[in-house]
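Single-letter residue listing:
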Amino acid sequence: PPGGVNLREGLHYNPYFPGGMIGMARPLYDGGVEYEDGTPATTSQMAKDVVTFLAWAAEPDNDERKRMGMQLMFTMALLTAFLTYHKRFRWVAIKNRRLEFKDMN
């Protein structure tokens, strides 16, 4: 706790809690986990990992939705290319056609 804050027995400092004192101890401590890749196990790193896991657990269909979105973008790109070809090269004969009217007199 910062200087000037006196905590009662059994309470812990929490700057985000009204009054700054809470009965629950800190859930994450430095070095609480050992990462396989050698990442330092700081409190902020572990908190980031927990938040990432909770976001993943909250939306289990997120990966499938992203995959479908990429398939949609690919399909739309192919469709746009096909329609551009069709408009520019298939309609050119109709678009540039010249109509002449004969004088019947």
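This structure is a prediction, so every number in the text was calculated from the model and none was measured.

Rules used in this analysis
- Residues numbered from 1 in each chain as written.
- Predicted model: local features only at pLDDT ≥ 70, side-chain atom pairs only at ≥ 80, totals over all residues.
- Heavy atoms only, no water.
- Helix = DSSP H or I, 4+ residues; strand = E, 2+ residues; numbered from the N terminus.
- Rg over C-alpha atoms; globule rule 2.2 N^0.38 Å.
- Buried < 20%, exposed > 50% of the residue type's maximum accessible area, 1.4 Å probe, protein only.
- Salt bridge = Lys/Arg side-chain N within 4 Å of Asp/Glu carboxyl O.
- pLDDT = per-residue confidence, 0-100.
- Patch = residues over 30% accessible without salt bridge, like charges linked within 9 Å, V, L, I, M, F, W, Y side chains within 5 Å.
- Areas by Shrake-Rupley, 256 points an atom, 1.4 Å probe, with all protein chains shown as cover.
- Phe/Tyr/Trp six-rings, centres within 6.5 Å; stacked < 30°, edge-to-face > 60°.
- Polar contact = N/O pair within 3.5 Å; in protein donor to acceptor, adjacent residues only side chain to side chain.

Visitor: Go over the overall build of the protein with me, naming the residues and quoting the values.
Guide: A count of helices and strands for the protein gives three helices and two strands. Going from the N terminus to the C terminus, the protein shows its helices and strands as β-β-α-α-α. By the compact-globule yardstick of 13 Å for 105 residues, the protein is too spread out, its C-alpha radius of gyration being 33 Å. In terms of overall dimensions, the protein has C-alpha extents of about 115 × 35 × 25 Å along its principal axes. Here the protein, with 105 residues, has 4% of them falling under the buried criterion.

Visitor: Describe the pattern of salt bridges, naming the residues involved and giving the relevant values.
Guide: For the structure on display, the rule yields two salt bridges. In this structure, Arg 65 and Glu 59 form a salt bridge, with 2.7 Å as the shortest nitrogen-oxygen distance. Take Glu 59: its relative accessible area is 40%, and that puts it in the partly exposed class. The partner of Glu 64 in a salt bridge is Arg 67, and the shortest N-O contact between them spans 2.5 Å. Pair noted here: Glu 64 and Arg 67 are both in helix 2 (residues 62-90), with a separation of three residues, about one helical turn. Overall, the relative accessible area of 39% leaves Glu 64 in the partly exposed class.

Visitor: So what's going on with the confidence of the model for the protein? Which residues, and what values?
Guide: Considering every residue of the protein, the mean pLDDT works out to 87; 99% of them sit at 70 or more. For the protein, the element scoring lowest by mean pLDDT is helix 3 (residues 92-95), at 76; helix 2 scores highest, at 93.

Visitor: Can you explain a nonpolar patch on the surface? Please cite residues and give values.
Guide: A contiguous nonpolar surface patch, about 720 Å² in accessible area, is contributed by Leu 72, Met 76, Leu 79, Phe 82, Leu 83, Tyr 85 and Phe 89. Locating Phe 82 in the fold gives a position in helix 2.

Visitor: Give a description of the packing of aromatic side chains that names residues and reports values.
Guide: One pass over the structure, following the stated rule, counts two aromatic pairs. Seen from their ring centres, Tyr 85 and Phe 89 are 5.4 Å apart, and the 40° between their planes marks the pair as tilted. Pair noted here: Tyr 85 and Phe 89 are both in helix 2, with a separation of four residues, about one helical turn. Overall, Tyr 85 belongs to the partly exposed group, its relative accessible area being 39%. Since its relative accessible area comes to 53%, Phe 89 is described here as exposed.

Visitor: Could you give an account of the environment of Arg 65, naming the residues involved and the relevant values?
Guide: Note that Arg 65 resides in helix 2. The exposure class of Arg 65 is partly exposed, given its relative accessible area of 47%. A distance of 2.7 Å separates the side chain of Arg 65 from the side chain of Glu 59, its partner in a polar contact.

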